[in-house]
Protein chains: 2
Amino acid sequence: MNTNRQWLLSKRPHGMVGEENFEYVETPIPEPAEGEVLVRNLFLSFDPTQRGWMEDRESYLPPVQLGEPMRAGSIGQVTQTNHPDYQVGDMVQTTGGWQDFVTVAPGQGIMGLNKIPPQIPPDMMLSVLGVTGLTAYFGLLDLGEPKAGETVLVSGAAGATGSVAGQIARIKGCRVVGIAGGPEKCAWLTEQAKFDAVIDYKNENVDEAIARTCPDKVDVFFDNVGGGILEAALNHINMRARVVLCGGISAYNATEPVPGPVNLMNLVIMRARMEGFIVIDYMHKAEQAITDLLGWIQSGELIYQVDVQEGFENIPATLQRLFTGQNLGKQLLKIADPS
Amino acid sequence: MNTNRQWLLSKRPHGMVGEENFEYVETPIPEPAEGEVLVRNLFLSFDPTQRGWMEDRESYLPPVQLGEPMRAGSIGQVTQTNHPDYQVGDMVQTTGGWQDFVTVAPGQGIMGLNKIPPQIPPDMMLSVLGVTGLTAYFGLLDLGEPKAGETVLVSGAAGATGSVAGQIARIKGCRVVGIAGGPEKCAWLTEQAKFDAVIDYKNENVDEAIARTCPDKVDVFFDNVGGGILEAALNHINMRARVVLCGGISAYNATEPVPGPVNLMNLVIMRARMEGFIVIDYMHKAEQAITDLLGWIQSGELIYQVDVQEGFENIPATLQRLFTGQNLGKQLLKIADPS
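As the structure is a prediction and not an experimental result, all values here were calculated from the model. (Residues numbered from 1 in each chain as written. Chains lettered and ligands numbered in written order. Predicted model: local features only at pLDDT ≥ 70, side-chain atom pairs only at ≥ 80, totals over all residues.)

Asker: Please clarify how the pairing of strand S15 (residues 330-334) of chain B should be interpreted in this entry.
Answerer: As a general feature of sheets, a regular strand has side chains that alternate between the two faces. Residue and element names in this part refer to chain B. A large share of S15 lies buried, amounting to four of its five residues. Pairing of strand S3 (residues 37-46) with S15, which is carried by four bridges, proceeds in the antiparallel orientation. By the bridge assignment, Leu44 is partnered in S15 with Leu333. Here strand S14 (residues 306-310) runs beside S15; their pairing, made up of five bridges, is parallel. Bridge pairing links Glu310 to Lys334 in S15. (Buried ≥ 20, exposed ≤ 12 C-beta atoms within 10 Å, placed from the backbone. Helix = DSSP H or I, 4+ residues; strand = E, 2+ residues; numbered from the N terminus. Pairing = 2+ DSSP bridges.)

Asker: How should the environment of Ala160 of chain B be read in this particular structure?
Answerer: Residues and elements named next belong to chain B. Its place among the elements puts Ala160 in helix H4 (residues 160-171). Measuring from C-alpha to C-alpha, the distance between Ala160 and Gly130 comes to 10.0 Å, with 30 residues separating the pair along the chain. Setting aside residues no more than four positions away along its own chain, Ala160 makes contact with Ser127, Thr132, Gly329 and Lys330. (Contact = placed C-beta atoms within 7 Å.)

Asker: What should I look at first to understand the interface of chain A and chain B in this one?
Answerer: Interfaces are often sized by the amount of accessible area the parts lose when they come together. Every contact between the two is made by 27 residues of chain A and, on the other side, 27 residues of chain B. Going through the elements one at a time, helix H8 (266-269) and strand S13 (273-276) of chain A are the ones with two or more residues in the side of chain A that touches chain B. Counting residues per element, the side of chain A that touches chain B draws most heavily on S13 of chain A, at four residues. A breakdown of the residues in the side of chain A that touches chain B according to their chemical character gives 17 nonpolar, six polar and four charged. As paired strands, S13 of chain A and strand S13 (residues 273-276) of chain B are joined by three bridges and run antiparallel to one another. Opposite Glu275 of chain A, over in S13 of chain B, you have Arg273 of chain B as the bridge partner. (Nonpolar A, V, L, I, M, F, W, Y, C, P; charged D, E, K, R; others polar.)

Asker: Quick question: what am I supposed to make of the pairing of strand S10 (residues 197-200) of chain B here?
Answerer: All names here are of chain B. Here strand S9 (residues 175-180) pairs with S10 via four bridges, running parallel. Bridge pairing in S10 links Ala180 to Asp200. A crossover connection joins S9 to the parallel S10 through helix H5 (residues 183-192); in handedness this β-α-β unit is right-handed. (Right-handed = clockwise from strand over helix to strand, strands pointing away.)

Asker: What exactly am I supposed to notice about the domain arrangement of chain A here?
Answerer: All names here are of chain A. Domain boundaries in chain A define domain 1 (3-127 + 305-334) and domain 2 (131-280). Here domain 1 and domain 2 have C-alpha centroids that lie 28 Å from each other. Listed per partner, the contact involves 20 residues of domain 1 and 17 residues of domain 2. Here the side of domain 1 that touches domain 2 gets three residues from one element, more than from any other, and that element is helix H1 (residues 49-53). (Domains from an automatic or database assignment.)

Right under this line is the structure:
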């Protein structure tokens, strides 16, 4: 291989993102500058928040510019090094983007350039021990403050973040109810991830189902979806409930502004809180989180699921899977095997 | 006077509340039971939240039942006593309702039966030192957590609660911007209440005006209004902003559900919090608040304004004034002079 395949952001999306928003190009493999390494991307991470990075608006990260490779977290292998701390063959996590090769120095980019312990498989590192797992950990524990015996409701519950958030709540002694789409995801949640109850939003009235499955009301709502699901949940919050706003995937591909819930005043009546967060702010505490998560995985209390697509040509279509609900668990794409 | 005039809730409102929702009756003056006193109401308090008490739905207080006198805070005078701690002539604060006389025992009702210090005028006790002032105090300080140098935006800023919240923020060293309707209210806010800037929502584009008057963005938004005002404010929140949900008067008389803000995801991007509260939960800390508020009044740092209507027959119309924005400051109605 002597070219760097790339998918560039070529057109900002209006509505559902698709292949038409990207341009495939082949460019020379870049040379690492002094202090940099050249990384070959092996696995790409797909996250709903990436849809927001494509919009030309102020947000928690600058927008991806037109003509730039699409931004994405990745795991790769060092193939050339101008930095004494990194050797050829090292497995690293970085923000590699939609391309075969990236040059990067430690501390650069969102994720920096972090070596992965050899015993951790890349798919675990990019999912339950990566951004999505940490998002679940800090969002649930830091904002949700779940207490044993409380009821925790999770939307997007079969997703990479929701499934981990719900299981952590269960580990902390809470009753956990998940909202997901379709019987396959729902079965996985109750049978494998050991949620106490599950709501299939595609086949049930969510409002009625929350009332039925949460007889003591909802103390913590961990929301990845927004829209009508958020509104339904707000109808059933308990006194001093915490609504953790993790995401709002239901509106990410909307062409018109999506109205918020009609019942925000329930936050007043129930003295409840709704709070947003970005996992980037917690990266200085990642080590403790990873230790906890890994411990729960090893004890069998926490399971995770990855959906690994393959083929560089399938990258844009793989992003779309997040928004059509096709993915079961963390969405990844494998570009190449480690050497 | 040997009858007890009353306005009973006769029909639950759909849309704007009006006289048609109440029935005027005259009944015998009740006799206080053992441990009770008979109070003659002198001043009635009007609060936007009373509109919610008229709805037949679960809330922070049970709904007023059809055929009952409308619930309202009041200040009155003891005219007959069967309780050793209360003497005829004592001025008391209670939940007297829309009637001349009420029998009540200490600890009963929302407000109990609290003697008013002789040096405090009733209109001060029912406004800046009453529920609205305490709402401002605890909502701003406990939920808003304003820090010197921060920007605090207040909606319903010329109202009984908003005007006090804004002034406390100014006393705490914040830059304070108020949103109110019409030039008279706006002039009062800047000239009398010493707000740093003001936005006339009836004559300005609120979104643009917030951007102009809050160049460092909004750290605390104290919201009494909801709807489009809340949405506009959410466009301009700062990192780790606190949105204090005090009320949502814009929707209280709506006949259809009013959609929430389209931009709740700004809470995520800005790691911000939106939280509701009910002042009743803070009543055990009222003494400290009243001490602080009274101190600021006496030092001239805090002013307040009351709008005192008169005439028992005008009670229903006076409630409506809150929702048409006619009141300037705390809305009261005087039924009688103390004897």
